Amino acid sequence: MGLMYASTRDEKEKVTASQAILKGLANDGGLFVPTEIPALDIEIETLAGMSYQETAYEVLKRFLTDFTEEELRYCIDSAYDSKFDTEEIAPLVDADGAYYLELFHGSTIAFKDMALSILPYLLTTSAKKNQVKNEIVILTATSGDTGKAALAGFADVPGTKIIVFYPKHGVSPIQEKQMVTQKGANTFVVGINGNFDQAQTGVKQMFADRQLADQMDEAGYQFSSANSINIGRLVPQIVYYVYAYAKLYANGVIARGESVNVAVPTGNFGNILAAFYAKNMGLPIAKLICASNENKVLYDFFATGTYDKNREFVLTSSPSMDILISSNLERLIYRIAGNDAAENAALMKSLNTQGRYEITEQMRDALKDFYGNYTDEKETAEVIRNLYEKTGYVIDTHTAVASGVYHKYRTETGDAETKTVIASTASPFKFTRSVMEAIDGRYDRMSDFELVDELSRIGNVKVPQAIEEIRTAPVIHDTVCEVEEMPSVVKKFLKMQQ
Ligand SMILES: *Cc1c(COP(=O)(O)O)cnc(C)c1O
């Protein structure tokens, strides 16, 4: 039998990969984890010659063992195509003694595209494999970025519809423009007169509504979520670490078997967990450098063994990392607890009720592969300016947090020899204002689009398609509703009522 997936809160609940993708969360609220991490038993010489798509196949087939070769190749080829603006998909850029792995060449110029471009295909294939006849309706509440990446991923994917709710007055003008101009006959974007929490609560209530589920089923639909804890988002993120390592070897930067560090700007802990899984597959990774912004709950956790979300929430220039509960950390906790679901469940219960938990000394010992640190807002801006002045290379605010933490790691440990890959999670064009003002204070007088052109000029990079589009694209979605109206808006879109 192939690899199975167990819940982090109850090891009796075991499902196949395709079932785990379909379900998203386990019944008990736990996350699905593979019952073992498969080995990356391929020669580095072979990997070194592979395209991104071929590498993806080698990684995915080891985790998604109930998919056929044909199914996997279909998913991979549908995802990693001309939606990406480079055939390399995830290029490596050498700047100032580190290797920036650019994960922002997809449709929304941020790293969520790496997983959200393949998830729709994994999901529809999983539905077919499990005799699900209904069309999948993705329901999401967004505070900005994830909604757009999900829309772009699901747009025009056969057998799916996607409905995104956002707070009408709670996202940036650019984020709103990105969403309301979304093409695709199966996409629906709705502003609500309320905040993000209300949008989120409204979506959760629809997921839990049995009567609505029955009506949906009758009409040939069922809900699913594109949540970041889905194993169908995690596994595709392992691919680019393997790919980056193989490219470093192919380019003669590292010798056979040489270890590299990986530095990751972290929020929900998905990206760095993928690197941890890659290491456990046998990829020679030395340190996993976990970088936080001023919401440094993870830094404190690595430093003290106590996870404590009871603190002030800080708004920073790296908003995708402004998170106090890193959901995917649960998968690491489960593992360092010796795959003990009961122990993990107790800790998660404590997080739920008290907002904190403390791990044992023994569990802390198992975290030696990680190094955690953070940068404050001033340091983050300095990193962007210094790198630009030294090399001409412009990085975004999230990537700058990782770069800054990598430099702290070097200074603290004296490890300047180990080659280091820094996950570059967003294009600087996505956070133009913060990036440009970090480079030079006088940019505060320019408009957003003037800044885009100026960034293109000083960084010597073309304005990405995703940005060009929103300058001119027509508004397609103009529905606005009250919070209470969310279910009826859904039914109207699905033509279940007039
Ligand atoms: C989501 C996101 C992150 C954080 O990634 P996690 O997997 O949630 O840790 C970092 N940078 C950017 C730009 C993101 O969009």
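Provided above is the structure to which this section pertains.
Residues numbered from 1 in each chain as written. Predicted model: local features only at pLDDT ≥ 70, side-chain atom pairs only at ≥ 80, totals over all residues. Heavy atoms only, no water.

A. Layout of the overall build of the protein chain. Check the secondary structure of the protein chain and you find 22 helices and 16 strands. For 498 residues, the compact-globule formula gives about 23 Å, and the C-alpha radius of gyration of the protein chain, at 22 Å, lands near that figure. Taken along its principal axes, the extent of the C-alpha atoms in the protein chain is 65 × 55 × 45 Å. Per-residue burial for the protein chain yields a buried fraction of 57% across its 498 residues. (Helix = DSSP H or I, 4+ residues; strand = E, 2+ residues; numbered from the N terminus. Rg over C-alpha atoms; globule rule 2.2 N^0.38 Å. Buried < 20%, exposed > 50% of the residue type's maximum accessible area, 1.4 Å probe, protein only.)

B. A look at the environment of Ile333. The topology assignment puts Ile333 in helix 14 (residues 329–336). For Ile333, a relative accessible area of 0% translates into the label buried. The sequence separation of Ile333 and Leu101 amounts to 232 residues, and the corresponding C-alpha distance is 27 Å. Apart from residues no more than four positions distant in its own chain, Ile333 is found in contact with Phe301, Asn344, Leu347, Met348, Tyr357, Ile359 and Met363. (Contact = heavy atoms within 4.5 Å.)

C. Representation of the side chain of Thr432. Tracing the sequence through the fold places Thr432 in helix 19 (residues 432–439). For Thr432, a relative accessible area of 9% corresponds to the buried category. Of note is the side chain of Thr432, whose polar atom sits 2.8 Å from the backbone oxygen of Phe429. Contacts of Thr432, omitting those with residues within four sequence positions, involve Leu451, Val452 and Leu455. (Polar contact = N/O pair within 3.5 Å; in protein donor to acceptor, adjacent residues only side chain to side chain.)

D. Local environment of the nonpolar core. Membership of the largest hydrophobic core comes to 113 residues, with the highest contact counts inside it found for Tyr5, Phe63, Leu64, Tyr241, Phe269, Ile333 and Tyr357. In terms of residue count, helix 11 (residues 231–250) provides more of this core than any other element does, 14 residues in total. In terms of nonpolar packing, the next biggest core, distinct from the first, is built from 39 residues, Ala98, Val394, Ile395 and Leu455 among them. (Core = buried A, V, L, I, M, F, W, Y, C linked by side-chain atoms within 4.5 Å.)

E. Here's a closer look at helix 3 (residues 52–63). An ideal rise of 1.5 Å per residue puts 16 Å on 12 residues; helix 3 measures up with 17 Å between its terminal C-alpha atoms. Where burial is concerned, most of helix 3 is hidden: 10 out of the 12 residues are buried. Taken together, the buried positions of helix 3 are Tyr52, Gln53, Thr55, Ala56, Tyr57, Glu58, Val59, Leu60, Arg62 and Phe63. (Expected span 1.5 Å × (residues − 1).)

F. Spotlight on the packing of aromatic side chains. Counted under the stated rule, the structure contains 19 aromatic pairs. Between the aromatic rings of Phe301 and Tyr307, the centroid separation amounts to 6.0 Å while the plane-to-plane angle is 65 degrees, which identifies the pairing as edge-to-face. In terms of burial, Phe301 and Tyr307 fall into one category: buried. Relative to Tyr409, the ring of Tyr371 has its centre 5.1 Å away and its plane inclined at 70 degrees; by these criteria the two rings are edge-to-face. (Phe/Tyr/Trp six-rings, centres within 6.5 Å; stacked < 30°, edge-to-face > 60°.)

G. How the structure looks around the site of the ligand. Neighbouring the ligand are 14 residues, the closest being Lys112, Gly267, Asn268, Asn271 and Thr425. Between an oxygen atom of the ligand and a side-chain N or O atom of Lys112, the distance comes to 2.7 Å. Between Asn268 and the ligand, the recorded distance is 2.7 Å, taken from a backbone N or O atom to an oxygen atom. Expressed as a share of its isolated accessible area of 380 Å², the protein-covered part of the ligand is 95%. Of the residues assigned to the shell around the ligand, the class counts are five nonpolar, eight polar and one charged. (Near = heavy atom within 4 Å. Areas by Shrake-Rupley, 256 points an atom, 1.4 Å probe, with all protein chains shown as cover. Nonpolar A, V, L, I, M, F, W, Y, C, P; charged D, E, K, R; others polar.)

H. Region of the structure containing the packing of helix 7 (residues 145–154) against helix 8 (residues 173–180). Orientation of helix 7 relative to helix 8, taken along the N-to-C sense of each, is 20 degrees, at an axis distance of 9 Å. When the axis of helix 7 is compared with that of helix 8, the two are roughly parallel. The hand of the helix 7/helix 8 crossing is left-handed. Contacts from Asp145, Gly147, Lys148 and Leu151 in helix 7 reach Gln175, Gln178 and Met179 in helix 8. Each residue belonging to the contact of helix 7 with helix 8 can be placed in one class, and the counts come to two nonpolar, three polar and two charged. (Axes fitted to C-alpha atoms, helices over the stretch in contact; angles between N-to-C directions. Parallel < 35°, antiparallel > 145°, perpendicular 65-115°, else oblique. Left-handed = near helix turned anticlockwise from the far one by under 90°.)

I. Representation of the environment of Thr316 within the structure. Looking at the element boundaries, Thr316 is found in the loop between strand 12 (306–308) and helix 14. Of the residues examined, Thr316 reaches a relative accessible area of 11% and is grouped as buried. Remark: the alpha-carbon pair of Thr316 and Asp415, spanning 99 residues in sequence, is separated by 29 Å. At 3.0 Å, the side chain of Thr316 and the backbone nitrogen of Ser318 are in polar contact.

J. Representation of the sheet that holds strand 14 (residues 370–374). Ordered by their spatial adjacency, six strands build an open sheet running 4-5-15-10-11-14, and the pairing between neighbours is mixed. The strands lining the two open edges of the sheet, one partner per strand, are strand 4 (92–95) and strand 14. Averaged over all neighbouring strand pairs, the angle between strand axes comes to 25 degrees, with direction disregarded. Together, strand 4, strand 5 (98–102), strand 10 (260–265) and strand 15 (420–424) form the strand contacts of helix 11, whose direction differs from that of strand 10 by roughly 140 degrees. Its contacts with the sheet place helix 12 (residues 270–281) against strand 10, strand 11 (285–292), strand 14 and strand 15, and it is angled at close to 170 degrees to strand 11. (Pairing = 2+ DSSP bridges.)

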